[in-house]
Every structure is written in structure tokens, then in C-alpha cells.
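# Structure assessment
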Protein chains: 2
Amino acid sequence: MSVIFDAELKKLKSRFMEMGIDAGEQLYQATKAFLDHDNTLAKAVLSRDHTLNDEEISLEKRALKLMALQQPLANDFREIISILKASNDLERIGDYTTHIARATVNLNEAHHVASVENEVTQLAILVRQMLEKIMDAYANLDEKGAYEVANMDLQVDVIYVRQQKAVLKAMQAKPSQIPAYESYLGMIRTLERTGDHIVNLAEWIIYIASGKLVELNPGKADPKLVQEKLKQQ
Amino acid sequence: MSVIFDAELKKLKSRFMEMGIDAGEQLYQATKAFLDHDNTLAKAVLSRDHTLNDEEISLEKRALKLMALQQPLANDFREIISILKASNDLERIGDYTTHIARATVNLNEAHHVASVENEVTQLAILVRQMLEKIMDAYANLDEKGAYEVANMDLQVDVIYVRQQKAVLKAMQAKPSQIPAYESYLGMIRTLERTGDHIVNLAEWIIYIASGKLVELNPGKADPKLVQEKLKQQ
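Quantities reported herein were computed from a predicted structural model and do not represent experimental measurements.

### As for the relation of the copies chain A and chain B
One chain copy maps onto the other through a rotation about an axis and a shift parallel to that axis. Mapping chain A onto chain B leaves a residual RMSD of 0.0 Å; the transformation is a rotation of 180 degrees accompanied by 0.0 Å of translation along its axis. Expressed as an axis order, the relation between the two copies is that of a two-fold axis. In terms of proximity to the rotation axis, the leading residue of chain A is Lys85 of chain A, whose C-alpha is 3.4 Å off the axis. A share of 100% of the interface residues of chain A reappears at the interface of chain B, consistent with the copies meeting face to face through the same patch.

### Some words on the packing of helix α6 (residues 143–173) of chain B against helix α9 (residues 223–232) of chain B
Geometry of a packed helix pair, given as the angle between the helix axes and the separation of the axes. Residue and element names in this part refer to chain B. Close contact between α6 and α9 brings their axes to 9 Å; oriented N to C, the two are set at 70 degrees. When the axis of α6 is compared with that of α9, the two are roughly perpendicular. Note on element contacts: α9 touches α6 through Leu225, Val226, Gln227, Lys229 and Leu230, opposite Leu154, Asp157, Val158, Val161, Arg162 and Lys165. The residue makeup of the contact of α6 with α9, split by class, is 6 nonpolar, 1 polar and 4 charged.

### Some points on the environment of Arg189 of chain A
You can see Arg189 of chain A is positioned in helix α7 (residues 178–210). Between the C-alpha atom of Arg189 of chain A and that of Ile21 of chain A, which follows or precedes it by 168 residues, the distance is 22 Å. For Arg189 of chain A, the residues in contact, after removing those within four places along its chain, are Tyr160 of chain A together with Arg102 of chain B.

### Some points on the interface of chain A and chain B
The partner chain B presents 31 residues to the 31 residues of chain A that form the contact. Buried area between chain A and chain B, both sides added, is near 2600 Å², and the carbon and sulfur share of it is 51%. Among the residues of chain A in contact with chain B, Leu64, Lys85 and Arg92 of chain A are the three that bury the most area, contributing 22% of the side total. Across the contact surface, chain A and chain B share 10 salt bridges. Salt-bridge contacts for Glu91 of chain B lead to Arg92 of chain A; the nearest nitrogen and oxygen are separated by 2.4 Å. Mapped by element, the contributors of at least two residues to the side of chain A that touches chain B are α3 (51–69), α4 (74–106) and α7 of chain A. No other element matches the 14 residues that α4 of chain A contributes to the side of chain A that touches chain B.

### Side note on the layout of surface pockets
By volume, the largest pocket is sized at about 1800 Å³. Surrounding the largest pocket, 48 residues form its lining, Asn106, Glu182 and Ser183 of chain A together with Asn106 and Glu182 of chain B being those nearest its centre. Listing elements by their share of the lining of the largest pocket, those giving two or more residues are α4, α6 (143–173) and α7 of chain A together with α4 (74–106), α6 and α7 (178–210) of chain B. Considering each element in turn, the lining of the largest pocket owes the most residues, 11 residues, to α7 of chain B. Here the lining of the largest pocket is composed, by residue class, of 24 nonpolar, 16 polar and 8 charged.

### Some words on the nonpolar core
What tends to happen in soluble globular proteins is that the nonpolar side chains get buried as a cluster. The biggest cluster of nonpolar side chains holds 155 residues, and the ones touching the most others in it are Ile134 of chain A together with Ile134 of chain B. Once you skip the residues sitting within four places of it in the chain, Ile134 of chain B turns out to touch Ala146, Val149, Ile198, Leu201, Ala202 and Ile205 of chain B.

### Some remarks on the side chain of Thr31 of chain A
Residues and elements named next belong to chain A. Its place among the elements puts Thr31 in helix α1 (residues 2–36). At 3.0 Å, the side chain of Thr31 forms a polar contact with the backbone oxygen of Tyr28. There is a polar contact of 2.7 Å between the side chain of Thr31 and the side chain of Arg128.

### Some words on unusual backbone geometry
All names here are of chain A. Positive phi, normally seen in glycine, also occurs at His37, with a value near 55 degrees. Structurally, His37 is set in the loop between α1 and α2 (39–47). Take His37: its relative accessible area is 26%, and that puts it in the partly exposed class.

### So, the pattern of salt bridges
Overall, the coordinates contain 22 salt bridges over all chains when judged by the stated rule. The shortest N-O distance in the salt bridge between Lys85 of chain B and Glu60 of chain A comes to 3.4 Å. Of this pair, Lys85 of chain B sits in helix α4 while Glu60 of chain A is found in helix α3, placing the two residues in two different chains. For the pair formed by Lys85 of chain B and Glu60 of chain A, the shared burial category is buried.

Calculation criteria
Residues numbered from 1 in each chain as written. Chains lettered and ligands numbered in written order. Predicted model: local features only at pLDDT ≥ 70, side-chain atom pairs only at ≥ 80, totals over all residues. Heavy atoms only, no water. Least-squares fit on C-alpha atoms with pLDDT ≥ 70 in both. Contact = heavy atoms within 4.5 Å. Axes fitted to C-alpha atoms, helices over the stretch in contact; angles between N-to-C directions. Helix = DSSP H or I, 4+ residues; strand = E, 2+ residues; numbered from the N terminus. Parallel < 35°, antiparallel > 145°, perpendicular 65-115°, else oblique. Nonpolar A, V, L, I, M, F, W, Y, C, P; charged D, E, K, R; others polar. Buried area = accessible area lost by both parts, 1.4 Å probe. Salt bridge = Lys/Arg side-chain N within 4 Å of Asp/Glu carboxyl O. 1 Å grid on protein atoms, 1.4 Å probe; cavity = no way out; pocket = protein on both sides within 12 Å on 5 of 7 lines; lining within 4 Å. Points joined across faces, edges and corners; volume = space filled by probe spheres on them. Core = buried A, V, L, I, M, F, W, Y, C linked by side-chain atoms within 4.5 Å. Buried < 20%, exposed > 50% of the residue type's maximum accessible area, 1.4 Å probe, protein only. Polar contact = N/O pair within 3.5 Å; in protein donor to acceptor, adjacent residues only side chain to side chain.

As C-alpha cells, this is what we get:
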């Protein structure tokens, strides 16, 4: 019984890692398509719309069957529960990649604003790095690494607030470009939320490693922090 | 110990019910604001953006603490796990209500198209009814009721596909009204996805009641069904 349980738990973990890698690829390709104005790539992202959804359902079933098989030890229990919840954060990130891809397809090529797109690129790269780092932290159950990734999210919040203000100002100055600016607003909002879900992943990794339930989103816990950081720049 | 456990489990259930009621209210007000062009109400919905998010986190913590307190019996275990996951579906519905509210605020009053809005109202009412019915089914652990709600989602998918086609056609005919039509597309897409999350809730209720893990989304499981239903109309 225990041999089956251990083998199934290993599979559950590796499937969760796979899901993390798939989410990372979707995010990479969706942001690349947006920034390269590559409709073909955006449509490819949209065509994989249900992949992460299906992976979440499959992980859910595996996790529940595993817990029915045998009463897990405390450590294993935390890992299974965390995968059960964290798979949802990955699925949500996947959902956001389809928002980005849809915005790419909708955006009229004539309306791109290069200066804004350079800024958005900066945010996209940061969020992509966070997702990579958090899956590494999961693979190594690296509590310290998870805290580091969560801290990076404050920088995401700062860039988000700064870019949002800049885009809103530019919108007023050039109303003819409002559709493009609106999709930039959507893009940075989506990236900021992706950062929040990566922080959730960090919280689950810390729960697996230590049993502690922590609330790590620094910008959400204390919006003043974002304002202070903004002033420092 | 068991007395504390039972009391805490009761609290968990009633908090989950409360969260369902809050999600229903947010959905009601967001759709009402959209259809009445009521910016003040839409902003009120946006101001409660984090309520369902906070409720999910609080349910999560309660559920995990409860399972640490005492090894739950199979029935209780299924209920706790289901609340842990289903709270996410309610949170996501809350997230969609903010999409609807944001679209309401963004939509220029000059561009409303009454005929489309009448159709959208029909879809909004159907989805709101589904959410009410599913929380009733949860309260009574009514497996049959849960199946009935899941079946209603096929009708949502049919209306969604029909309305989407109609709006895209209207868009081509009147390009000047594209911004309004785009927000209608967003609105019906959001309502259709809300329906999917209500089906997830139905699946969790059936899991609590029977221990069976089922996949109930009829339109997603078999897209041909939607096409057939469309032809019948």
C-alpha cells in the first residue's frame, strides 16, 4: 500500500511541476506575442486555452484519490493539500495568458505605442522570472527562495502603479490611441495579478516546508509600501 | 475535542454559505449596474473587490486548521476539502463581477445598443438563478438539485454562442460602435465562465453528498451538444 502511495505521490508532484512549466511557457509565448505583435503566436496560445484547465482537474482527481488510498503523514498531507490549491493559481495564470493573447489579436497593428511597450516588456520579464524561480523553489522545497520571490512582487506592484499612471496620462493626451492604451492597461493589470498568484504559490511552498500559513503579498498587505517605494525612485 | 471540531466545522460551513451569498449579491449588482448604465453602483461593486478574496483566504485557513485539529471522518473530510476548493470558484465569480463593473465604468454612455442589452439581460438572469440554486443545493446537500443546475449550463453555452455570433455580425455592420460591442462580448464571455464555475460548485456538492468525482460541464465535455441545441432553436 505504502509503495503505491509513495509512487502516486511522486507522480502527483511531477505532474504539478509539469503544470508549472506549461504555465511558464504559456506566459512566455503570450507576452512575446503581445510585444512582437505576433497574431499567429497569440492564436497558438489561445488554442491551448484548456490545457492548464485540464491539468488542474487531473491533479485534483489524483490528489483526492491519493488521500482516499491511505491516511497521509503530516508532511505528505500538506504537500497534497498545497498541490490541490496551488494548481488553481497555475490555472489562473494560464487564464491570464489567454487574456493577453486575446488583447494581442484584438489590438489594431496601427496603434502600437513603442515607448509604452518597452515599459510593459520590463514588467513581463520580471513576472516571468518570478514564475521560473518559484517553480525552482517548489522543486527544492526552498523556503528562503519562496520568500525572495514573494518580495519581488513589491517591485511588480511599484512598476504597475507607475505604468498605470503613465498610460492614463498618455490616454488623455492622445484620445485617438485609447484602444491601444486600454489594452496596455489590461496587459499590466494581468501581469500584476499574475504576480499575486505567484505570491500565493510562494505561500503554499512555505506551508509545505514549514507547516506555517503565511500572508506574503507585501503590496496588498500594506499599500503604503508601494507608495513609499514609488517616491524613492 | 470532538465538540470543538463539530463547532468549527459548522462555522466553516456557514462562512462558506455567507461567501456564496456575497458572490450572488456582487453578481446581481454588477449585472444590474451594467444593464442600468449605473456607474455609481459599478464603482460600489469595484470597491468591494477584495471581499471575496479575503473570504477565500479566511476559509482556507479555517479549513486547514480544522484538519490539523483532528483526523476528520470521511464525510467531514470531503466537505472540508470541497469548501477548500469551491471557495476558489466563488472567489473567481467575484473576480468576474469586477470585470463586469470595470466594463460598465469604461463604457461610454453614448454607445449603448438596446437590442443587444436585452439579450444580455436574459443571460445574466439565467446565470444569477443558477448561482442561487446551487447555494440552495449546497445548504440541503441536494445531489439532484446540483445535477439540475449543471444541466442549466448547456442553455448558458447555447445563448452565449448565439449572442456572440450576433454581436460579431453587428460589429461588422457598425464599426463605429465597436467599443460598446466589445464590452458586450466581454460581458457574455464573463457570464458564460461564471456558469462554468457554478458547474464546478455542483461537482463539489455531488462529491460531498456521494463521494463521486464527476465531470459535469456538458458544453465543454461535448461541444457538439451546443451546436445541436442551437439548430433546434
